[in-house]
Amino acid sequence: MLMVLYPAAVIVLTSFESQGVDHQSGFGLSAWKIAFSDPGMHSAIWNTVAVTLARQAIALPIAILLAWILARTDIPGANALEFLFWLGYFLPPLPVTLGWILLLDPEYGLINQWLTGLAFVNKAPFNIYSFWGIVWAHLTTSTIAVEVMLFTPAFRNMDASLEEASLTSGAGVMRTLYGIVVPIMTPVVGAVLLLAIVHSLQAFELELILGFPFRFYVFSTQIYWLLHQQPPQFPAAMALSSIILFVMVPLVVLQRRTVARRSFVTVGGRYQGHRQSLGKWRFLVFFVLLAVALLITVVPFVFLMLGTLMTRFGYFNIAKPWTSVHWSRVIYDSVFLDSFKNTLILAGATAILSVVLFTLIAHVVIRTRFVGRAPLDFVSWLPSTLPGIILGVGLVSLFLGTPFLRPLYGSMSLLVIATVISSMTLGVQIIKSTLVQLGIELEEAVKVSGGSGWNSFRDILLPIITPTLLLVGTLSFIAAARNVSTVALIASSRTRPLSLLQLDFMVDSRYESAAVVGVIVVVLTAGIALISRLLGLRAGIER
Amino acid sequence: MRRQHGLHLTAILVMVLGFALRAESQEWKTKWDKILPFSCLPDAKKEGKVAVAGPPGTAYRDVMRAFEKKYPEISLEFQGFTPANFTARFSKERQAGQYLWDIYITGPTSFDVTAKKAGELDPLRAVLILPEVRDESAWLGGFAKAFLDSEKQYVFAFQAEITPQVQVNREFIPESELNSVKGLLNAKWKGKIVIDDPRVDGPGSGRIALWSGQLGEEFVRALLKQDLAVTRDGRQLADWLARGKYPIAIGANDTEIGELQKLGIGSKIEPLAGKLAEAWRMGTGWGAVRLVNKAPHPNAAAVFINWLLSKEGQTGWATIGGRPSRRMDVPRITGLSPEPGVDYFDIDREERLQLRDKAKEIAKAVLQ
C-alpha cells in the first residue's frame, strides 16, 4: 500500500508546490492556476468525455456480444478466435495507427484513393484526422480487443441454467444477453467500464498523432503538454492528475455499492457449464467473428510487418521499397541482447509478482472481513489514475527518501515494483470480478470437511481461477514489456529494457526499427500467452 | 650599440615567451597527467567510472562507445533522457541529497538557467585542459563563442547546425509564387502550412522566436493565423511535406528530408530563400555539455569532457552521430555545417531565452 499511496500523495502534495530555483519549494495554488489558465482546457475536457462516450458506446455492446459468443456458445474455433483478440491487444498502437493513416488519410490514404476513383464518389469519404478517425483507431488498436479479453473468462464462469431459463421462457438471444447475462455480469462490466474511463483519461498517443493536426486536444494531451514545457510544469501536471484521482473516487464508491447490493454469484455447487447451440447460424456467426478478429488483429499485424520490411513505411513506389536493414539494425545494436535479457527479467518478474500480489489483494477484498478491505480496494484503483511519468517521479521520491529502499535505486527491483504497480488496477479488478462470481459454499465445503483456508484456496479456488490468473500474468507481462513512460524515468544503463531501445529508435524517427522491437515484444508475449492459454485451457471451471 | 641592445631584448623576450609557453604546456600536462589513467596519479582510474546523462537515440549511444574504447579503464554509464525526464529525476535526486551524475549533454533548455542559479553546474573552463580543446582557431567564431550562457562558463555548445527556417515542396508551389519568408502571409497559403508545435521548445518555437526577433511579433501572429496544421512528430511533418499534403513546412528536420530525398521522394523540397537572417538559423541540437556540481567522479568527468571536445570526440559526433560539430577541423556535413565567416542568428544563446519564451506564449495564445 505504501508503494502506491506514497506516489499518490506526492502527486497531490506536489500539485500545491510552487517550485523555487534550488529545488526547494513553497506551497500555494499557482500550479492549479497554471493548469486551468489554459484556454483550451474546457474543450479538452469536453473532447475527452466525447471520445470516451463514443468509444464505449460502440465497444462495450460489441465486446459483450463477442465475448458471450466465444464463451457461451458452440461457435467453432472459439479458443483460436479468442486468442486472436489477445494478439490484437498485444500489437503496439503506434505502427498500427500509422497503418490506418496509410489507408484513411484524406489525401493519400489508399482506401480513399481507391474510392475516389469510382465514378460516383466525389471526395474522400474517410478522414483519419477527425473525431471519428480517433474513435476508429482506438476501437481497432486496443479497445474492443481488451474488452473481449476481459469479458470472456468472466462469461465462461457463468452457470448455463440462467440463460437456459431465459431462452426456454421465450426470450430471444439478444434479450437474454442484455436482460439476464449483462445484469449478472455487473461487477465485471462495471470494472471494465471504469477501467475504460481511466484509460480514456490517460490515452494520448493516438490523440497526439491524429488529433494535433486539427487541434483536437484531450485531457491527457494537456498533461503531456505541461510535462514537455521547459522547465516541465510538474506541479501543474500533477494538479491535472489529481483531478483524475478525484474523479475516480465517486466512481469507485459507486462500483463498490453496486457490487455489494446483491449477490453476483454465477458459479455454485450445481454449476452447469454447457454452451448454447447456435444451430444453423453457427458458421455465419463464426465468419462474422472471424472478420472482426481479423480486422483488429491481422490487418494491424500486416501493417506492423510491412513497417519492419519497408525501406520507408507507406512508400511503395520507390526504387527499392523492401529491405531487411531495420531487422539487422535492431539485432546488431550493441545493447539489444542486454535489453532483451532485461525485458525477460522485468516482464517475467512482474507477471509472477503481479499474480501473487493481486490474488492476495482481491482475496482480501472479496473473501475476508478484514477491516481495511475497502481502503485496500480503493488503493488498488489508484495506480490507474497516475500517468506513467508521474508514477515514476513518485517512486523516485519514495526510493530516495526512504533509507532502507535507497540501495535499490537504479536496480531492476525498482523497475519491477513500478511495473507491478502500473498493472495493479487491471489485474486486481479482473481477479476480483472472477471471485465475485464464485459461491462461497465451494470453499466452505472444504472447511466443513476439515480442510484449512489454504486447502480450500489451493484445492477449490485456485483451479477455478487459474485461467483468470494466467490472463492477469499475461497482461502484466505485456504491460511491463511495453512500459516506456515510467521505465524511461527510473531505468539505469544496466537495467534498460527493450522498450527503451524502441524509444531510442522513435527519437531517431526510425519508426521501422521501432516496429521491429515491437514485433519482438509481441512474439515474446504471444509465446508466453500461448503457453499460459494451454495451461489455462487445462484448468478452469469447465474442467 | 642600440641595435645590439635591441637584439638582447628580443632574445630575452623570446626566452621569456618560450619559458611561458613551456610552463603553460607543462601546466596542462601536469593537470592532465593528474587525472589521466595510467599516470602516476591516476585519479580518474581510481574513480573508474563516469556517469553521463545524454540525449536519447541510438546514434549518440554509439558516439559515446568510442570513449570506452579510448579509455577502457573508465567505465562509461551513459543514459539517454528526454529533457523532461532528466529534469524530473535530477530534481528529485537533489532533493534527496543524491549526487549521481557527472555530465549532462542535451540541447539548451531552461534547465541551464535554473541549475546555474541553484549552483548545480560547475564552471567548465577549469576542466577543459587539452590545448586542442582550448584552441581558439579550432572553434567556429572562437572558443568563447561556443559558450551559450551569459557568463561563458557553464554550457558549451559543441554542435552548430544551420537549418532553413522554411522548406517548400516545389513540386506543388513554384518559386515564382513563393520566394520569401514574408510571402508566407499571403492568404493563398492558408491551410497549406504545417509547423512543428511552436508552443513547446523545439524546431517550431525556435523558428518563430527568430522571426519575432527579426521581423517582429506581429509577423509571427499573422503567420500563426494562417490556419496552420500542427504536429509534434518530425516524421509526420516530413511525410506531409513530401506528399504535398502541406507543401510548406516550418521546422522540418533536415536529416528526415535528406532520408526521403535519398529514396527519391520529395526531390523538389527546397529551403525557402530570402534574406539570410530570416531564412536560416543556427542551432545547437542536442549538442551542448555541462559539468554537474558535486560530481561523483570529477576526474573521470574531466577526461570525458576533454575527449568529447577533442578532435577525436567531435569527429565521432559528426561521423557516427551525423550531427555537425562546431569544431572546424572535423569533417563537415554538407547542408548542415555552418559556413565560416557568416553571421548566423543563433537563437540558443541565453540572452535570447526571453525571445524564445515570448514566442511560445504568442503561439499558445494564437493556436488554441
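All values derive from a computational prediction rather than experimental measurement. Residue positions are given per chain, counted from 1 along the sequence in the order it is written. Here chains are named by letter from A upward and ligands by number from 1 upward, in the order in which they appear as written. In keeping with the model being predicted, local features are shown solely for residues with a pLDDT of at least 70 and side-chain atom pairs are shown and tallied solely at 80 or more, while totals for entire chains, interfaces and linings include all residues. Note that the side-chain values use all heavy atoms of the structure and ignore hydrogens as well as water.

### Some points on the overall build of chain B
Phase 1: Secondary structure elements follow DSSP: runs of H or I of four or more residues count as helices, runs of E of two or more count as strands, with numbering from the N terminus. A count of helical and extended segments in chain B gives 14 helices and 13 strands.
Phase 2: By residue count, 56% of the 368 residues in chain B fall in the buried class.
Phase 3: Put simply, 76% of the contacts in chain B that link residues at least 6 apart link residues at least 24 apart. Only protein chains enter the accessibility calculation, which uses a 1.4 Å probe; a residue is then buried when its area is under 20% of its type maximum, exposed when over 50%, and partly exposed in between. The criterion used for residue contact is that any of the two residues' heavy atoms lie within 4.5 Å.

### Some remarks on the packing of aromatic side chains
Phase 1: Note on ring pairs: Phe, Tyr and Trp rings are taken, using the six-membered ring of Trp, and paired if centres are within 6.5 Å. Classes follow the plane angle, with under 30 degrees stacked, over 60 edge-to-face and the rest tilted. With the rule as written, the count across this model stands at 34 aromatic pairs over all chains.
Phase 2: Ring centres of Phe-212 of chain A and Tyr-217 of chain A lie 5.1 Å apart, and the angle between their planes is 75°; this geometry places the pair in the edge-to-face category.
Phase 3: Judged by centre distance (5.9 Å) and plane angle (70°), the rings of Phe-86 of chain B and Phe-111 of chain B are edge-to-face. On the criterion of sequence distance, the pair formed by Phe-86 of chain B in helix α4 (residues 83–95) and Phe-111 of chain B in helix α5 (residues 110–117) is long-range, its members being 25 residues apart.
Phase 4: Classification of Phe-86 of chain B by relative accessible area gives buried; the value is 0%.
Phase 5: According to the relative accessible area criterion, Phe-111 of chain B is buried, its value standing at 3%.
Phase 6: We count a charge as sitting over a ring when the NZ of a lysine or the CZ of an arginine lies within 6 Å of the ring centre and within 35 degrees of the ring normal. Here the basic side chain of Arg-352 of chain B rests over the ring of Phe-345 of chain B, its NZ or CZ set 4.1 Å away from the ring centre.

### Let's talk about the sheet that holds strand β8 (residues 193–196) of chain B
Residues and elements named next belong to chain B.
Phase 1: Paired strands are those between which DSSP finds at least two bridges. Strand order in the open sheet formed by 5 strands is β9-β8-β10-β7-β11, and the pairing between neighbours is mixed. Edge strands, defined here as strands with exactly one partner in the open sheet, are β9 (229–231) and β11 (269–271). Neighbour-to-neighbour, the strand axes of this sheet turn through a mean angle of 25°, independent of strand direction.
Phase 2: With 3 bridges connecting them, β8 and β9 associate as parallel partners. Bridge assignment links Asp-196 to a residue of β9, and that residue is Thr-231. Here, axes are lines fitted to C-alpha atoms. For helices the fit covers the stretch in contact, and angles between N-to-C directions go from 0 to 180 degrees.

### Comments concerning the domain arrangement of chain A
Bring the parts together and some accessible area is lost; that lost area is often taken as the interface size.
Residue and element names in this part refer to chain A.
Phase 1: Domain start and end points were adopted from an automatic or database domain assignment. Along its sequence, chain A is organised into domain 1 (58–186 + 282–316) and domain 2 (324–543).
Phase 2: Using C-alpha coordinates to define each centre, domain 1 is positioned 25 Å away from domain 2.
Phase 3: Facing the 29 residues of domain 1 at the interface are 29 residues of domain 2.
Phase 4: Joining two parts hides part of their accessible area as seen by a 1.4 Å probe, and the buried area is that hidden amount summed over both. When domain 1 packs against domain 2, the two sides together hide about 2,600 Å² of surface, and 70% of this comes from carbon and sulfur.
Phase 5: Whenever two N or O atoms come within 3.5 Å, that pair is a polar contact, provided that in protein one can donate a hydrogen and the other can accept it, and provided that, for residues adjacent in sequence, both atoms are side-chain atoms. Connecting domain 1 to domain 2 are 7 residue pairs in polar contact (both at pLDDT 80 or more).
Phase 6: Of all the secondary-structure elements, those providing two or more residues to the side of domain 1 that touches domain 2 are α4 (78–90), α5 (93–104), α7 (131–156) and α15 (298–309).
Phase 7: The element that contributes the greatest number of residues to the side of domain 1 that touches domain 2 is α4, accounting for 7 residues.
Phase 8: Ten residue types, Ala, Val, Leu, Ile, Met, Phe, Trp, Tyr, Cys and Pro, are classed as nonpolar, four, Asp, Glu, Lys and Arg, as charged, and the remainder, Gly among them, as polar. Of the residues assigned to the side of domain 1 that touches domain 2, the class counts are 21 nonpolar, 5 polar and 3 charged.

### Thoughts on the domain arrangement of chain B
Residue and element names in this part refer to chain B.
Phase 1: Parsing chain B into structural domains produces domain 1 (29–160 + 284–337) and domain 2 (162–281 + 353–367).
Phase 2: With 7 residues of domain 1 at the interface, the matching set in domain 2 holds 5 residues.
Phase 3: Taken over both partners, the interface formed by domain 1 and domain 2 buries close to 510 Å², and the fraction arising from carbon and sulfur atoms is 49%.
Phase 4: What makes a salt bridge here is a side-chain nitrogen of Lys or Arg within 4 Å of a carboxyl oxygen of Asp or Glu, nothing more. Across the contact surface, domain 1 and domain 2 share 0 salt bridges.
Phase 5: There are 2 residue pairs in polar contact (both at pLDDT 80 or more) connecting domain 1 and domain 2.

### So, a nonpolar patch on the surface
Residues and elements named next belong to chain A.
Phase 1: A contiguous nonpolar surface patch, about 500 Å² in accessible area, is contributed by Phe-36, Ile-45, Trp-46, Val-49 and Leu-53.
Phase 2: The element best represented in the nonpolar patch is helix α3 (residues 41–72), accounting for 4 residues.
Phase 3: Tracing the backbone through its elements, the reader meets Ile-45 in helix α3. Patch rule: a residue counts if its relative accessible area is over 30% and it has no salt bridge; like charges are joined within 9 Å, and nonpolar side chains (Val, Leu, Ile, Met, Phe, Trp, Tyr) within 5 Å. Method for areas: the Shrake-Rupley scheme with a 1.4 Å probe, in which residue coverage is limited to the protein chains shown.

### Considering unusual backbone geometry
Residue and element names in this part refer to chain A.
Phase 1: For Arg-215, which is not a glycine, the phi torsion comes out positive at approximately 55°.
Phase 2: Relative to the elements of secondary structure, Arg-215 occurs in the loop between α11 (205–211) and α12 (219–227).
Phase 3: A positive phi is found at Ser-509, a non-glycine position, where the angle reads about 60°.
Phase 4: Structurally, Ser-509 is set in the loop between α24 (498–507) and α25 (511–538).
Phase 5: For Ser-509, a relative accessible area of 14% corresponds to the buried category.

### Focus: the interface of chain B and chain A
Phase 1: At the junction of the two partners, chain B supplies 60 residues and chain A supplies 61 residues.
Phase 2: Each partner contributes to the roughly 5,400 Å² buried at the junction of chain B and chain A, and carbon and sulfur atoms together form 51% of this total.
Phase 3: Contact with chain A buries area across many residues of chain B, yet Arg-232, Arg-235 and Arg-243 of chain B alone supply 13% of it, more than any other trio.
Phase 4: Between Glu-512 of chain A and Arg-235 of chain B there is a salt bridge, with the nearest N and O atoms lying 2.3 Å from each other.
Phase 5: Remark: the boundary between chain B and chain A carries 24 residue pairs in polar contact (both at pLDDT 80 or more).

### A word on α7 of chain A
Phase 1: An expected span of 1.5 Å times one less than the residue number is assigned to each helix. A rise of 1.5 Å per residue sets the reference length of α7 of chain A, with its 26 residues, at 38 Å; its end C-alpha atoms lie 35 Å apart and thus fit the reference within 8%.
Phase 2: Where burial is concerned, most of α7 of chain A is hidden: 23 out of the 26 residues are buried.

### Side note on the side chain of Glu-93 of chain B
Phase 1: With respect to the secondary-structure elements, Glu-93 of chain B resides in helix α4.
Phase 2: Assessed through its relative accessible area of 1%, Glu-93 of chain B is described here as buried.
Phase 3: When residues no more than four places from it in sequence are discounted, the contact partners of Glu-93 of chain B are Leu-400 and Tyr-409 of chain A together with Gln-98, Leu-100 and Trp-101 of chain B.

### Examining the packing of helix α3 (residues 58–70) of chain B against helix α13 (residues 311–319) of chain B
All names here are of chain B.
Phase 1: The N-to-C vectors of α3 and α13 enclose an angle of 150°; their axes lie 9 Å apart at closest approach. Looking at the two axes, α3 sits roughly antiparallel to α13. Of the two elements, α3 crosses α13, and the hand of that crossing is right-handed. Every residue of α13 that contacts α3 at Tyr-60, Val-63, Met-64 and Lys-70 is listed here: Glu-312, Gly-316 and Trp-317.
Phase 2: In terms of residue class, the contact of α3 with α13 is made up of 4 nonpolar, 1 polar and 2 charged. When an angle is under 35 degrees it counts as roughly parallel; over 145 it counts as roughly antiparallel; between 65 and 115 it counts as roughly perpendicular; any other value is oblique. Handedness of a helix crossing follows the sense of rotation of the near helix relative to the far helix, less than a right angle counterclockwise being left-handed and clockwise being right-handed.

### Some thoughts on the packing of α4 of chain A against α7 of chain A
All names here are of chain A.
Phase 1: One can describe the packing of α4 onto α7 by two numbers: an axis separation of 8 Å at closest approach and a directional angle of 140°. Overall, the two elements α4 and α7 adopt an arrangement that is oblique. The hand of the α4/α7 crossing is left-handed. Judged by residue contacts, Asn-79, Glu-82, Phe-85, Trp-86, Gly-88, Tyr-89 and Phe-90 of α4 engage Thr-141, Ser-142, Ile-144, Ala-145, Val-146, Val-148, Met-149, Thr-152 and Arg-156 from α7.
Phase 2: Looking at the contact of α4 with α7, its residues break down into 9 nonpolar, 5 polar and 2 charged.

### Focus on the pairing of strand β6 (residues 161–164) of chain B
All names here are of chain B.
Phase 1: Side chains Glu-161 and Thr-163 project from β6 onto one buried face, and the interleaved Ile-162 and Pro-164 project onto a second face that is buried too.
Phase 2: Two strands pair when backbone bridges link them, and β6 and strand β12 (residues 280–283) are joined in this way by 4 bridges, in the antiparallel orientation. Its bridge partner being in β12, Glu-161 is matched across the sheet by Gly-283.

### Considerations on the side chain of Thr-231 of chain B
Residues and elements named next belong to chain B.
Phase 1: Here Thr-231 shows up in strand β9.
Phase 2: Judged by its relative accessible area of 0%, Thr-231 falls in the buried class.
Phase 3: For Thr-231, the side chain forms a polar contact with the main-chain nitrogen of Asp-233, separated by 2.9 Å.
Phase 4: Beyond its immediate sequence surroundings of up to four residues, Thr-231 is in contact with Val-194, Ile-195, Asp-196, Asp-197, Gln-236, Leu-237 and Trp-240.

### Let's talk about the nonpolar core
Phase 1: Throughout this description, the term nonpolar core refers to a set of buried Ala, Val, Leu, Ile, Met, Phe, Trp, Tyr and Cys residues connected via side-chain atoms within 4.5 Å. Counting 188 residues, the largest nonpolar core has Ile-75, Phe-151 and Phe-155 of chain A as the members making the most contacts within it.
Phase 2: Contacts of Phe-151 of chain A, omitting those with residues within four sequence positions, involve Leu-60, Ala-63, Ile-64, Ala-67, Val-188, Val-189 and Val-192 of chain A.

### Details of the environment of Ala-53 of chain B
Residue and element names in this part refer to chain B.
Phase 1: Here Ala-53 shows up in strand β1 (residues 49–54).
Phase 2: In this structure the C-alpha to C-alpha distance between Ala-53 and Glu-350, which are 297 residues apart in sequence, comes to 21 Å.
Phase 3: Contact partners of Ala-53, with chain neighbours within four places excluded, come to Gln-79, Phe-81, Phe-86, Trp-101, Ile-103, Tyr-104 and Ile-105.

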